[in-house]
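These are the residues of each chain, in order.
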Amino acid sequence: MGMLAASGPCTRPVLKERGQREVFCGLTGIVWLHRKLQDAFFLVVGSRTCAHLLQSAAGVMIFAEPRFATAVLEEKDLAGLADAHDELDGVVARLIERRPDVRLLFLVGSCPSEVIKLDLDKAAKRLDARWAPRGTRVLSWSGSGIETTFTQGEDNCLASLVPECPAAQGPGLLVAGALPDVVEDRLRDLLARLGIPPAFLPPRRSGDLPPIGPGTRVLLAQPFLSETAAALERRGARVLEAPFPFGAEGTTAWLHAAARAFGVEEMHFRAVVAPGRERAKRAIARHRPLLEGRRVFFLPDSQLEIPLARFLWEECGMVPVEVGTPWLHQRFHGPDLERLPPSARIAEGQDVDRQLDRLRADRPDLTVCGLGLANPLEAQGFTTKWSIELVFSPIHGFDQAGDLAELFARPLRRRALLASLAPGEPAACS
Ligand code: SF4
């Protein structure tokens, strides 16, 4: 059984870029976090722009009461004419009276709250002292789009939960990163069959925060959790370095890192993992004829780029031309990074015009990029995949491996179909 072994820092050259960026902000994370944490409310302290972003990204639920909202800072707040803290206290009081089911309230910072230096950590401590005795905890994190990318919202949210977790009394495994419930259940089952029943961060209910301590070993389920990893390590936990659990190989290697850390016998590991691994390989094989040999270019957006490029290269036969990521965390991305072919250009950060110049020169078959770039690129004849779709979709683990390959195959099929229907249409790039 082939494994992707974790190892030391990767020393391959990395193109560092700092220029104009085209990404969503961390508020986007509320879209999936509010579904995961089922008794939490996310109160963004921001502007009408923040409210519009949330409403259009998450949809406005008319009959269900949403568990997110925006406290809009008005001009007098921005000009420092009103005491924003008093107003915030009033908004929170009205919110909790109206929604007594909310057990955890997040005050979520934004660009405007950061610009006027509204201290939401201080506000959260003050409000927590008032409301925690009545059953609602109050914490804060920042979803600001200043120098960040959209998956950092989840990182900041989970990092804010870590100090609230109880102390662990002994060894245990923690899986960190918000996963769809169906994926979480499958990974829980697999790890339990290996004899390592895991806890998850975030939990589904805020009262079930996982215990953390020096015996805690952490598997990151998402590659964008550097702040959360640092917060966990401040509590004595140790993050296991492994490829991320995408596809048959990535999932096997990720599980194997936990098995090694907890001394699971190798034969038992192989017996437990083999059926899922074989299922995943068969599911990927169905898409391989369409993907094999196709050239893929990742523009930096979600921080999932390096593990996904590893999956496409090693398991689907695609050729990564450039893999751009907003941030490159050598420690966490290294095990996937070192598996990429030497020909793949690795870029950290964004300078969108220069990246688009390289993209036009490379003419890849598939471009994975943010929503804002996808339509103009499609109009220029490029075949694109929205990177945000890969964050919203269940893509982790053995049973999602076929769906993950399908997400990359679909735009290639669509482009081929369009080309066959309309001969005048720009053909798929090759
Ligand atoms: S947090 Fe900043 S980037 Fe995000 S919607 Fe609000 S103003 Fe825009």
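Residues numbered from 1 in each chain as written. Predicted model: local features only at pLDDT ≥ 70, side-chain atom pairs only at ≥ 80, totals over all residues.

Moving on: the site of the ligand. In the vicinity of the ligand there are 13 residues, among which Cys-25, Cys-50, Ser-110, Cys-111 and Gly-145 approach most closely. Contributing elements (two or more residues each) for the shell around the ligand: helix H2 (48-58) and helix H5 (111-115). Top element by residues in the shell around the ligand is H2. It accounts for three residues. Per-class residue counts for the shell around the ligand are six nonpolar, seven polar and no charged. (Near = placed C-beta within 6 Å. Helix = DSSP H or I, 4+ residues; strand = E, 2+ residues; numbered from the N terminus. Nonpolar A, V, L, I, M, F, W, Y, C, P; charged D, E, K, R; others polar.)

For helix H14 (residues 330-337), the tally of buried residues reaches six of eight residues, placing the bulk of the element in the interior. All of the buried residues in H14 are Phe-332, His-333, Gly-334, Pro-335, Asp-336 and Leu-337. Close packing links the buried residues of H14 with strand S8 (216-220), helix H9 (226-234), helix H13 (305-316) and strand S12 (345-350). (Buried ≥ 20, exposed ≤ 12 C-beta atoms within 10 Å, placed from the backbone. Contact = placed C-beta atoms within 7 Å.)

Another point: the environment of Leu-390. You can see Leu-390 is positioned in helix H17 (residues 387-392). Each C-alpha atom of the pair Leu-390 and Ser-302 lies 8.5 Å from the other, and the pair is 88 residues apart in sequence. Those residues in contact with Leu-390 that sit more than four places away from it in its chain are Ser-302, Leu-304, Leu-308, Ile-395 and Leu-407.

For the rest of this paragraph, the subject is the sheet that holds strand S2 (residues 40-46). Ordered by their spatial adjacency, four strands build an open sheet running S3-S2-S4-S5, and the pairing between neighbours is parallel. Here the strands that pair on one side only, and so sit at the sheet edges, are strand S3 (68-72) and strand S5 (137-142). Across this sheet, the average inter-strand angle for adjacent strands is 25 degrees, counted without regard to direction. The pairing of strand S4 (residues 104-109) with S5 spans six bridges and is classified as parallel. Residue pairing across strands places Val-108 opposite Trp-141, the latter belonging to S5. Those strands touched by helix H4 (residues 84-98) are S2, S3 and S4, and its axis lies near 155 degrees from that of S2. (Pairing = 2+ DSSP bridges. Axes fitted to C-alpha atoms, helices over the stretch in contact; angles between N-to-C directions.)

Running from amino to carboxyl end, helix H10 (residues 247-261) crosses helix H11 (residues 266-285) at an angle of 160 degrees, the nearest separation of the two axes being 8 Å. Taken together, H10 and H11 sit at an angle that is classed as roughly antiparallel. Of the two elements, H10 crosses H11, and the hand of that crossing is right-handed. Facing Gly-247, Ala-248, Thr-251, Thr-252, Leu-255, His-256 and Ala-259 of H10, the residues of H11 in contact are Phe-269, Val-273, Arg-277, Ala-280, Lys-281 and Ile-284. (Parallel < 35°, antiparallel > 145°, perpendicular 65-115°, else oblique. Left-handed = near helix turned anticlockwise from the far one by under 90°.)

Of all seven residues in strand S11 (residues 319-325), six are buried; the element is thus mostly enclosed. Relative to S11, strand S10 (residues 295-298) runs parallel, the two being bridged by four bridges. Residue pairing across strands places Phe-297 opposite Glu-322, the latter belonging to S11. Summarising the sheet, S11 and S12 pair through four bridges and their orientation is parallel.

In this section: unusual backbone geometry. At the junction of Leu-201 and Pro-202, the peptide bond is cis and its omega measures out at 5 degrees in the coordinates. With respect to the secondary-structure elements, Pro-202 resides in the loop between strand S7 (198-201) and S8. Positive phi is not limited to glycine here, since Arg-363 has a value of about 45 degrees. Summarising the element assignment, Arg-363 is placed in the loop between helix H15 (352-362) and strand S13 (366-369). What makes Arg-363 partly exposed here is the crowd of 14 C-beta atoms within 10 Å.

Before going further, it helps to spend a moment on the domain arrangement of the protein. In terms of domain boundaries, the protein breaks down into domain 1 (15-21 + 283-421), domain 2 (26-148) and domain 3 (172-282). In this complex, domain 2 contributes 10 residues to the contact, which on the side of domain 3 involves six residues. In terms of residue count, helix H1 (residues 30-36) provides more of the side of domain 2 that touches domain 3 than any other element does, three residues in total. Considering only residue class, the side of domain 2 that touches domain 3 consists of five nonpolar, one polar and four charged. (Domains from an automatic or database assignment.)

Once that is clear, we can look at the sheet that holds S7. Strand order in the open sheet made by the four strands is S7-S6-S8-S9, with parallel pairing throughout. Only two strands of the sheet have a single partner each, and these edge strands are S7 and strand S9 (238-239).

This next bit is on the nonpolar core. Counting 121 residues, the largest nonpolar core has Phe-42, Leu-43, Val-45, Phe-106, Val-108, Ala-176 and Leu-219 as its most contacted members. In this structure, Val-108 is in contact with Leu-27, Ile-30, Phe-42, Leu-43, Val-44, Val-45, Trp-141 and Gly-143, ignoring residues within four places of it in sequence. (Core = buried A, V, L, I, M, F, W, Y, C linked by C-beta atoms within 7 Å.)

What follows concerns the pairing of S4. Within S4, six of the six residues are buried, which leaves it mostly tucked inside the rest of the structure. The two faces of S4 match: Leu-104, Phe-106 and Val-108 on one face and Leu-105, Leu-107 and Gly-109 on the other face are all buried. Alignment of S2 against S4, held across five bridges, turns out to be parallel. Along S4, the bridge assignment pairs Phe-42 with Phe-106.

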